[in-house]
Every structure is written in structure tokens, then in C-alpha cells.
Amino acid sequence: MSMKPFVLNVNAFTYAVCMAGMISVTGCVSTPVIDAGAQWEEVSRAGMLFGEGVVADKSGMVYSSDITNTAAIKENNPGGIIWRFDPRTGQAERFLQPSGMSNGLNIDKNGDLLIGQGSDGGGRGVMRMNLATRALSPVAKTFNGKQFNAVNDVVSDAQGRIYFTDVRINGNDFMELPNSVYRVDPNGTITEIGRAHV
């Protein structure tokens with residue numbers, strides 16, 4: 001089976017992550033993310049299949065998605081897991097299961113966990129979790145009345161805007177929208193800011 005290469009509208013995505021202060025581009029943030037002398041250390045082997053979306057909150061707790069793809073885990077699939085690692089104790093715990101096939105994670109300006117949910121039986125949208133109460137609320141589930149494909153990466157900026165990619169990677173769910181990049185404004189308005197070209 002031959003596959004066409006996926007080409008993302010890089011300018012729109014670069015603009016989104018640049019404005020969120022996630023990359024270094026002329027006119028954007030230029031502070032290194034990792035110190036030049038940093039030492040790498042394995043902290044956990046928790047998880048079942050595929051780790052993604054690692055993010056830390058202000059207290060230092062580290063969250064990551066475990067994408068439990070149904071092609072690989074056919075029986076008793078948990079529907080995705082979000083793990084929480086405590087660097088003080090060195091322990092990892094299942095924080096949210098099922099996670100709606102969580103993928104990308106982000107901590108927003110209010111300290112809430114933004115969860116990009118994929119396809120393959122997942123939530124196919126963006127959810128917000130209040131980390132103090134664990135209450136979940138939807139951020140983006142549809143665009144122009146059509147369901148997202150498989151939300152992948154999620155970032156947010158200081159103004160409270162949320163940017164995410166909606167790119168089908170796996171699963172057989174029906175695609176109602178093209179692979180795209182979206183912005184959610186604080187008032188809830190969703191705008192498509194970039195579209196993939198295949």
C-alpha cells in the first residue's frame with residue numbers, strides 16, 4: 001500500500017506555535033527550552049504502548065498520554081491513559097483512564113490540563129481538566145457542525161487562545177473535516193488557521 005506524504009501548511013502551524021512562545025523564530029520567543037548542559041535521565045517506564053504529549057504543571061508533576069491503539073491492543077483496551085509522574089517520589093500513577101485516546105497535552109495559563117483526544121474510539125476533540133478537582137469540560141468537539149478527526153497536538157498562549165492540530169493518523173472513524181490547524185479564542189470561537197495539503 002503506497003501512502004502520499006502529508007504536507008502541513010507550515011506557515012500557519014509555525015505562526016500558531018510561535019505566537020504561543022513554543023519555538024524560536026525571528027520576531028518570536030528565542031529562549032532555549034533545554035539548557036545546553038542538561039543531563040538526560042529516564043524517570044519512568046509506565047505505560048502500555050505509545051507515549052506522547054509530555055507536559056509538566058507548575059508544581060512539577062509530569063503528565064503524559066499513553067495511546068493504546070486498538071490495532072495493537074485488541075482486547076481490554078483501556079481507551080487511552082494519562083499518566084502522572086511525581087518527581088519527588090519517583091512514582092507514576094494512572095491519572096485518567098479512559099482518556100478518550102488522549103494524545104497532545106498542554107497546561108494552560110490557568111493551570112488546567114488541555115487534552116487533545118484522538119480517533120480510534122477516542123473523543124476526537126479538545127477537553128479541559130481542572131487539575132484540582134479533576135472536572136472535565138469540552139473546549140472543542142466540532143467545527144461548523146462537523147466532528148474533528150483526531151486531535152493531535154495542543155498548545156495555548158498567554159491570552160488564553162488554544163491552538164491544535166486535527167490530523168488523522170490511525171483509526172477508521174469517518175473523516176468529516178480536512179486535516180487542519182485550529183485556534184480556539186477565549187470566547188469559544190473556533191477558527192481554522194491552516195489546512196494540510198496532500
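Residues numbered from 1 in each chain as written. Predicted model: local features only at pLDDT ≥ 70, side-chain atom pairs only at ≥ 80, totals over all residues. Heavy atoms only, no water.

Visitor: Describe the overall build of the protein chain, with residues and values.
Guide: When you go through the protein chain residue by residue, the secondary structure sums to 1 helix and 14 strands. Taking all 198 residues of the protein chain together, the buried fraction comes to 42%. Sequence separation of 24 or more characterises 41% of the internal contacts of the protein chain that already satisfy a separation of 6 or more. Entry remark: accessible area of the protein chain is about 11,200 Å², with carbon and sulfur atoms responsible for 52%. (Helix = DSSP H or I, 4+ residues; strand = E, 2+ residues; numbered from the N terminus. Buried < 20%, exposed > 50% of the residue type's maximum accessible area, 1.4 Å probe, protein only. Contact = heavy atoms within 4.5 Å. Areas by Shrake-Rupley, 256 points an atom, 1.4 Å probe, with all protein chains shown as cover.)

Visitor: Describe the sheet that holds strand E14 (residues 190-195), with residues and values.
Guide: Judged by pairing direction, the sheet is antiparallel, and its 4 strands sit side by side in the order E11-E12-E13-E14 without closing on themselves. The two strands at the open ends of the sheet, each matched to only one other strand, are strand E11 (151-156) and E14. When strand polarity is set aside, the average angle formed by the axes of neighbouring strands in this sheet is 20°. Pairing analysis gives 4 bridges linking E11 to strand E12 (residues 162-166), with the strands arranged antiparallel. (Pairing = 2+ DSSP bridges. Axes fitted to C-alpha atoms, helices over the stretch in contact; angles between N-to-C directions.)

Visitor: Mind laying out the sheet that holds strand E8 (residues 136-140), listing which residues take part and the relevant values?
Guide: Reading across the sheet, the 4 strands line up as E5-E6-E7-E8 and stay open at both edges, with antiparallel pairing between neighbours. Both edges of this open sheet fall to strand E5 (102-107) and E8, since each of them pairs with a single strand only. Sheet twist, expressed as the mean angle between neighbouring strand axes with direction ignored, is 30°. Bridge count for strand E6 (residues 113-117) against strand E7 (residues 126-129) is 4 bridges, and the pairing is antiparallel. Bridge pairing links Leu113 to Met129 in E7.

Visitor: Go over the nonpolar core with me, naming the residues and quoting the values.
Guide: In this structure, Val139, Ala140, Phe148, Phe164, Tyr182, Val184 and Ile190 are the most contacted members of the largest nonpolar core, which totals 14 residues. Those elements that place two or more of their residues in this core are E8, E11, E12 and strand E13 (180-184). Once residues within four sequence positions are removed from consideration, Ile190 is found in contact with Ala140, Thr142, Phe143, Phe148, Tyr182, Arg183 and Val184. Counting residues in each nonpolar core, the second largest holds 13 residues, with Val55, Tyr63, Ile115 and Leu131 among its members. (Core = buried A, V, L, I, M, F, W, Y, C linked by side-chain atoms within 4.5 Å.)

Visitor: So what's going on with the pairing of E5? Residues and values would help.
Guide: With 6 of 6 residues buried, E5 is to be regarded as a mostly interior element. Strand direction decides the pairing type here: E5 and E6, joined by 4 bridges, are antiparallel. Each residue of the ladder has a partner; that of Ser102, found in E6, is Gln117. Between the end of E5 and the start of E6, which pair antiparallel, lie 5 residues, with Gly111 showing a positive phi angle near 85°.

Visitor: Provide a residue-level description of the confidence of the model for the protein chain, including the pertinent values.
Guide: For any part of a model where pLDDT is low, the fine detail of the predicted coordinates should not be relied upon. The share of residues in the protein chain with pLDDT of 70 or more is 81%, and the mean pLDDT across the chain is 82. Contacts of residues 19-25 to residues separated by more than four positions or lying in other chains number 17 contacts, the stretch itself having pLDDT below 50. (pLDDT = per-residue confidence, 0-100.)

Visitor: Hey, could you go over the packing of aromatic side chains for me, with residue numbers and the actual values?
Guide: Scanning the entire structure with this criterion turns up 5 aromatic pairs. Three or more aromatic residues joined by ring pairs form one cluster here, namely Phe143, Phe148, Phe164 and Tyr182. (Phe/Tyr/Trp six-rings, centres within 6.5 Å; stacked < 30°, edge-to-face > 60°.)

Visitor: Before we move on, could you go through a nonpolar patch on the surface and cite the residues and values that matter?
Guide: Taken together, the side chains of Met48, Leu49 and Phe50 make up a nonpolar region of the molecular surface, amounting to roughly 280 Å² of accessible area. Residue position: Phe50 is located in the loop between helix H1 (10-19) and strand E1 (51-56). (Patch = residues over 30% accessible without salt bridge, like charges linked within 9 Å, V, L, I, M, F, W, Y side chains within 5 Å. Salt bridge = Lys/Arg side-chain N within 4 Å of Asp/Glu carboxyl O.)

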